[in-house]
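Structure at a glance
Each chain, letter by letter, is given below.
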Amino acid sequence: MKHPLPARPARICVLRLSALGDVCNLVPTVRALQRQWPSARITWILGKGEHSLLSGLSGVELVMYDKASGLKGMRQLWRELGDTRFDVLLHMQQALRASVLSLGLKANVRIGYDKARSKDWQRWFTHRQLAPHPNAHVLESFMDFARALGVEPANTERLEWDLPIPETAYAEALRLSGEAPYVLMSPCANPRLRNFRNWSAQGYATVIEHLWTQHGLKTLLSGGGSAKEREMSERVRALTVSEAIIDTMGKTSLKGLLALIDGARAVVAPDSGPVHMANALGTPTVGLYATTNPERAAPYCWQGYVVNRYPEAVRTYMHKQLDEINWGDRVRHPDAMALIQASDVIERLDALLAAYPMAAAEESHNEI
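Quantities reported herein were computed from a predicted structural model and do not represent experimental measurements.

For the rest of this paragraph, the subject is the packing of aromatic side chains. Centre distance and the angle of the planes are the two values used to describe a pair of aromatic rings. This model, assessed by the stated rule, comprises six aromatic pairs. Ring geometry for Tyr 113 and Phe 145: centres 5.1 Å apart, planes at 90 degrees, overall edge-to-face. A residue pair is termed long-range when its members are at least 10 positions apart, and Tyr 113 in the loop between strand S7 (110–112) and strand S8 (128–129) and Phe 145 in helix H5 (residues 138–148) qualify at 32 residues. Seen from their ring centres, Trp 199 and Tyr 204 are 5.1 Å apart, and the 80 degrees between their planes marks the pair as edge-to-face. Judged by its relative accessible area of 5%, Trp 199 falls in the buried class. An aromatic cluster of at least three residues, connected via ring pairs, comprises Trp 302, Tyr 305 and Tyr 356.

Encoded structure:
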């Protein structure tokens with residue numbers, strides 16, 4: 001017998017720990033739940049960095065779990081929520097760690113992914129599964145959890161985020177960027193095992209020169225302070241004129257990065273958090289995709305401006321056609337991103353800047 005779904009849940013738990021881009025894609029689902037049940041209390045359990053990014057999200061209790069704390073941190077979180085019973089738990093993290101964490105949470109019914117989308121034995125930890133949704137974008141996969149509860153967004157073309165950005169973050173951004181208009185470029189994705197998502201320093205430098213000479217736009221380099229990111233920054237700066245670049249590598253908070261993205265004319269980045277942050281803020285975005293399927297993971301509202309070399313990468317390095325691989329398979333070859341040409345990126349950027357001129361950059365970006 002299936003566990004019954006609540007007709008009007010009073011307490012909802014969202015379990016999605018990571019990553020930065022994914023939690024941005026999840027916010028519209030939370031907003032849809034809030035529209036349907038304004039009085040429902042929503043608790044979202046998420047990771048440390050993700051908590052910093054979304055802190056202040058209206059109408060949501062954010063509960064942080066630091067993955068580095070392991071089982072000790074889980075026990076602490078279980079004690080913190082020990083007196084809370086949720087009407088429904090939305091298990092949106094396809095990872096064994098999250099499933100173990102879910103065991104200590106009290107919930108009348110637990111919803112997880114369907115068989116095709118489930119990973120790491122997640123189905124063993126849930127009572128009900130989503131209806132199948134083949135070839136879904138990540139944002140749509142999250143929205144399927146709302147649909148499972150009978151919530152259908154009234155207008156999917158007007159997805160809501162309303163990410164909070166404090167005035168201190170805007171002040172931080174202004175100190176770093178100055179008054180000149182800029183395009184934000186985040187050249188490095190977070191490193192993961194055999195996950196090759198970074199483009200070339202030469203390619204970025206060519207695009208930066210074009211933005212400077214043809215549009216009079218500076219490029220603001222953003223990212224963390226890791227050795228690889230600093231190395232990329234140094235290589236890019238060595239290949240172009242210094243006055244065209246504002247280097248903020250390792251200098252921003254996550255809220256500061258949001259503010260910088262909010263103030264940018266456009267964002268250029270590979271499959272990584274910044275393209276989805278930009279998407280959430282309504283900032284025009286060019287995503288660079290060759291090792292990841294953009295139909296699954298591109299910035300949702302800017303899919304028409306993606307540089308997409310994924311089909312070519314599948315043919316070249318997997319020796320297969322798209323219909324011969326699984327949805328979402330990655331091309332795990334270090335040369336795949338080299339299929340992207342600087343001319344591809346420049347063409348998309350020119351079209352984007354023409355379609356969304358300076359006036360658009362001054363509007364509110366929190367709703368599309």
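After that view, the rundown keeps rolling.
Attention shifts here to the environment of Tyr 289. Counting through the fold element by element, Tyr 289 comes out in strand S13 (residues 285–289). Considering only alpha carbons, one finds Tyr 289 and Val 60, 229 residues apart in sequence, at a separation of 33 Å. At 3.4 Å, the side chain of Tyr 289 forms a polar contact with the side chain of Asp 271.

What follows deals with the sheet that holds S13. Strand order in the open sheet formed by six strands is S11-S10-S9-S12-S13-S14, with parallel pairing between adjacent strands. Looking at strand neighbours, the two that pair on one side only are strand S11 (245–247) and strand S14 (307–308), the edges of this open sheet. The pairing of strand S9 (residues 182–185) with strand S12 (residues 266–270) spans three bridges and is classified as parallel. Looking at the pairing, Leu 184 lines up with Val 267 of S12. In the packing of helix H9 (residues 254–262) onto the sheet, the strands contacted are S9, strand S10 (218–221) and S12, and the crossing angle to S9 comes to about 135 degrees. Running over the sheet, helix H13 (residues 342–355) touches S12, S13 and S14 and is turned about 160 degrees from S13.

Parameters at a glance
- Residues numbered from 1 in each chain as written.
- Predicted model: local features only at pLDDT ≥ 70, side-chain atom pairs only at ≥ 80, totals over all residues.
- Heavy atoms only, no water.
- Phe/Tyr/Trp six-rings, centres within 6.5 Å; stacked < 30°, edge-to-face > 60°.
- Helix = DSSP H or I, 4+ residues; strand = E, 2+ residues; numbered from the N terminus.
- Buried < 20%, exposed > 50% of the residue type's maximum accessible area, 1.4 Å probe, protein only.
- Polar contact = N/O pair within 3.5 Å; in protein donor to acceptor, adjacent residues only side chain to side chain.
- Pairing = 2+ DSSP bridges.
- Contact = heavy atoms within 4.5 Å.
- Axes fitted to C-alpha atoms, helices over the stretch in contact; angles between N-to-C directions.

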